[in-house]
Amino acid sequence: MYDTSERFLIKGTDGARVLVGTIRVNGAKNAALKAFAASLLFSDPVTLKNIPHIEDIERITDLLLNLGTKITKNKDGVFICDHSELHTSDLSHDISKRLRASIVVTGPLLARTGKVSFPHPGGCVIGARPIDLFLEGFQKMGARIIFRDGTYHIVARGGKLRGAELFFRAQSVTGTETFMMAAILAEGKTVIKNAAMEPEIKHLADFLISCGARIKGAGTPAIEITGGTLLRAGKKTYITPPDRIEAGSFLILGALAAKDLKITNCDPTHIEALLEVLDLAGVHFRVGKDFVHIKGNSKRNAYFKNTALLKTHEYPGFPTDLQAPMMIFLTQASGESLVFETIFEGRLNYVEELVRMGADIRTMDPHRVIVKGHTSLKGREMESPDLRAGLAFVIAGVVARGRSVIHNVYNIDRGYERVEERLRGIGVDIKRVRE
Ligand code: EPU
């Protein structure tokens with residue numbers, strides 16, 4: 001369970017490049033969470049590997065345990081999920097309200113058992129986060145929806161979902177995953193148009209295909225799924241791909257504060273949008289098959305060029321999950337940049353804290369700010385508002401002058417495994433303390 005009394009103490013480098021060494025990227029949170037949901041599509045136990053040890057994984061495993069799933073786990077991030085004794089299709093309100101990814105469980109669970117009930121899912125407070133696409137999609141697949149006392153009750157007519165044509169008005173990551181999974185156990189063919197193209201979706205589809213699912217086009221905007229019966233994993237295991245957001249955040253930190261830093265176990269092809277922006281800014285790095293090496297940035301950060309326009313976009317565009325860390329970079333680069341957050345309307349709220357640190361950021365509207373660099377940041381006390389902004393505050397604390405205290409560390413633990421230990425390993429002066 002999370003501990004709200006923990007905080008990070010960080011001593012800043014005041015813009016000096018001192019970090020040295022190697023930092024390894026863990027399995028991707030937003031891939032691993034969906035793999036747990038996907039295990040509901042199987043008749044036999046499924047083994048999931050390279051699962052990060054983070055809060056959100058505890059939340060999703062608790063959610064499944066409440067349904068009757070048997071989960072065995074060992075120390076090395078290996079989990080085995082067995083759904084042979086499911087006894088309910090009601091998702092725990094308490095857990096769903098704390099985990100956006102709980103919505104992804106609804107698809108395979110409904111497809112498997114013919115019904116599901118759940119509350120409006122929670123998660124990071126970064127905007128309204130509607131579920132209209134989910135409700136409409138379930139209806140198109142032949143389900144009936146009743147909303148009573150804060151709970152959605154969804155029942156598939158005749159106990160089975162039917163294939164359907166779905167067009168997503170917004171490219172939704174969890175929406176694409178949910179319906180790709182639900183369609184595997186539906187009758188007939190489902191087509192998802194304007195599907196999200198995030199690499200985690202293709203990775204999941206490839207695993208499901210290797211276990212018998214009939215999916216075409218994952219990783220493109222049109223996915224076609226032909227439904228069938230429960231899948232069999234046999235000896236196949238799901239291996240979580242590296243977290244591209246973690247890799248990107250370490251890269252931004254490295255660009256600002258490292259003398260010689262190697263970010264390993266990552267897939268640089270998944271962060272091309274960031275690499276392009278950093279390259280244009282003048283950051284020196286070398287890209288290998290599974291690493292990025294930052295070295296030779298001898299000039300001060302003020303020498304880095306601004307980005308003029310940084311616009312978040314669905315994959316393969318610049319990820320919204322890296323917008324906050326990139327903001328710290330832009331406070332350190334020279335000149336003026338417009339940051340346009342196109343995905344979530346509440347994802348720029350954290351900038352007020354940066355302004356208190358000395359950043360020059362002007363808010364235009366909930367989606368746009370203008371950031372002017374180079375500014376010298378001064379360490380201070382901050383609350384981590386969500387996990388991505390929380391890690392951005394850690395980066396800000398590292399490049400700042402003096403000490404920073406970051407409260408609400410559990411928000412950061414939701415997505416990053418023992419991040420302070422890994423950062424200490426490359427020379428960051430960071431400590432976790434309790435009140
Ligand atoms: N949208 C709708 N209706 C819906 C669903 C989404 O209008 O029914 C809209 C959203 O309001 C938003 C856009 O579609 O404007 C895209 O949202 P999406 O559904 O793709 O977001 P999500 O699936 O809820 C996932 C990640 C987020 C990440 C976004 C965008 C998970 C569990 N979460 O959210 O990750 O920011 O995709 O890439 O996969 C995080 O890890 O910190 C995080 C917030």
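Residues numbered from 1 in each chain as written. Predicted model: local features only at pLDDT ≥ 70, side-chain atom pairs only at ≥ 80, totals over all residues. Heavy atoms only, no water.

Undergrad: Explain the overall build of the chain residue by residue, including any values.
TA: In terms of helices and strands, the chain carries 14 helices and 23 strands. Taking 435 residues into account, the globule formula puts the C-alpha radius of gyration at 22 Å, and the chain, at 22 Å, falls close to it. Once the 59 positive and 49 negative side-chain charges of the chain are each reduced to a mean point, those two points are 2 Å apart. (Helix = DSSP H or I, 4+ residues; strand = E, 2+ residues; numbered from the N terminus. Rg over C-alpha atoms; globule rule 2.2 N^0.38 Å. Lys, Arg positive; Asp, Glu negative; His and termini not counted. Charge placed at Lys NZ, Arg CZ, Asp CG, Glu CD.)

Undergrad: Please set out the packing of aromatic side chains residue by residue, giving values where relevant.
TA: Going through the model one piece at a time under the given rule, you end up with eleven aromatic pairs. Geometrically, the ring pair formed by Y303 and F304 is tilted, given 6.2 Å between the ring centres and 50 degrees between the ring planes. Judged by its relative accessible area of 41%, Y303 falls in the partly exposed class. Here the aromatic rings of F304 and F329 are separated by 5.3 Å at their centres, their planes lie at 25 degrees, and the arrangement is stacked. Taken together, the residues span a long stretch of sequence, with F304 in the loop between β16 (291-295) and β17 (309-311) and F329 in helix α10 (residues 323-332) at a distance of 25 residues. Each member of the pair, F304 together with F329, is buried. Aromatic rings pair up to connect F134, F138, F168 and F179 into one cluster. In this structure, K262 packs its charged tip against the face of F291, placed 4.4 Å from the ring centre. (Phe/Tyr/Trp six-rings, centres within 6.5 Å; stacked < 30°, edge-to-face > 60°. Buried < 20%, exposed > 50% of the residue type's maximum accessible area, 1.4 Å probe, protein only. Lys NZ or Arg CZ within 6 Å of the ring centre and 35° of its normal.)

Undergrad: A description of the site of the ligand should follow, citing residues and the corresponding values.
TA: Around the ligand there are 24 residues in total, and D132, S172, T174, D321 and I343 lie nearest to it. R129 places a side-chain nitrogen or oxygen 3.1 Å from an oxygen atom of the ligand. At a separation of 2.7 Å, an oxygen atom of the ligand approaches a polar backbone atom of V173. Its residues assigned to classes, the shell around the ligand shows eleven nonpolar, five polar and eight charged. (Near = heavy atom within 4 Å. Polar contact = N/O pair within 3.5 Å; in protein donor to acceptor, adjacent residues only side chain to side chain. Nonpolar A, V, L, I, M, F, W, Y, C, P; charged D, E, K, R; others polar.)

Undergrad: So what's going on with the sheet that holds strand β14 (residues 258-264)? Which residues, and what values?
TA: Here four strands make up an open sheet; going across it, the order is β2-β14-β16-β15 and the pairing mixed. Two strands in the sheet have a free side with no partner beyond their single neighbour: β2 (19-24) and β15 (285-287). With strand direction ignored, the average angle separating the axes of adjacent strands in the sheet is 10 degrees. When β2 meets β14, the two strands line up parallel, connected through six bridges. Residue G21 lies in a different strand from β14, and its bridge partner there is L261. Its contacts with the sheet put helix α8 (residues 244-257) on β2, β14 and β16, and the angle it makes with β14 is roughly 165 degrees. (Pairing = 2+ DSSP bridges. Axes fitted to C-alpha atoms, helices over the stretch in contact; angles between N-to-C directions. Contact = heavy atoms within 4.5 Å.)

Undergrad: Lay out the packing of helix α4 (residues 102-113) against helix α6 (residues 173-184) with the relevant residues and their values.
TA: In the contact formed by α4 and α6, the axes pass within 8 Å of each other and the chain directions differ by 15 degrees. For the element pair α4 / α6, the angle class is roughly parallel. Remark: the crossing between α4 and α6 carries right-handed chirality. Across from I103, V104, T106, G107, P108 and A111 in α4, the residues of α6 making contact are T174, E177, T178, M181 and A182. Classifying every residue of the contact of α4 with α6 by side-chain character gives six nonpolar, four polar and one charged. (Parallel < 35°, antiparallel > 145°, perpendicular 65-115°, else oblique. Left-handed = near helix turned anticlockwise from the far one by under 90°.)

Undergrad: Tell me about the nonpolar core, and please be specific about residues and values.
TA: In terms of nonpolar packing, the biggest core is built from 73 residues, with V105, M180, L208 and I215 touching the most fellow members. In terms of residue count, helix α1 (residues 29-38) provides more of this core than any other element does, seven residues in total. In this structure, F8, I245, L278 and Y350 belong to the second largest nonpolar core, which totals 71 residues. (Core = buried A, V, L, I, M, F, W, Y, C linked by side-chain atoms within 4.5 Å.)

Undergrad: Account for the pairing of β14, naming residues and giving values.
TA: Side-chain positions along a regular strand alternate between the two faces of the sheet. As defined by bridge partners, β14 adjoins β16 across five bridges and the pair is classed as antiparallel. Looking at the pairing, D260 lines up with K295 of β16.

Undergrad: Please set out the environment of V78 residue by residue, giving values where relevant.
TA: Its location among the elements puts V78 in the loop between β4 (70-73) and β5 (79-82). Note on V78: relative accessible area 17%, which makes it buried.

Undergrad: Just give me the short version of unusual backbone geometry, but keep the residues and values in it.
TA: Note that the residue after Y315, namely P316, is joined by a cis bond; omega there is 10 degrees. Mapping P316 onto the fold places it in the loop between β17 and α10. Following G373, the chain continues to H374 via a peptide bond in cis, the omega torsion being -5 degrees. Among the structural elements, H374 can be located in the loop between β20 (368-373) and β21 (381-383). Within the chain, D149 stands out as a residue other than glycine whose phi angle is a positive 50 degrees. Tracing the sequence through the fold places D149 in the loop between β7 (143-148) and β8 (151-156).

Undergrad: Help me get a handle on the sheet that holds strand β10 (residues 189-193), residues and values and all.
TA: A sheet is described by the order of its strands in space; here four strands give the open sequence β9-β10-β12-β11, paired in mixed fashion. Every interior strand has two partners, whereas the edge strands, β9 (165-167) and β11 (214-216), have only one. Strand after strand, the sheet turns through a mean of 15 degrees between neighbouring axes, direction not considered. Across three bridges, β9 lies against β10 in parallel orientation. The residue of β10 that forms the bridge with E165 is V191.

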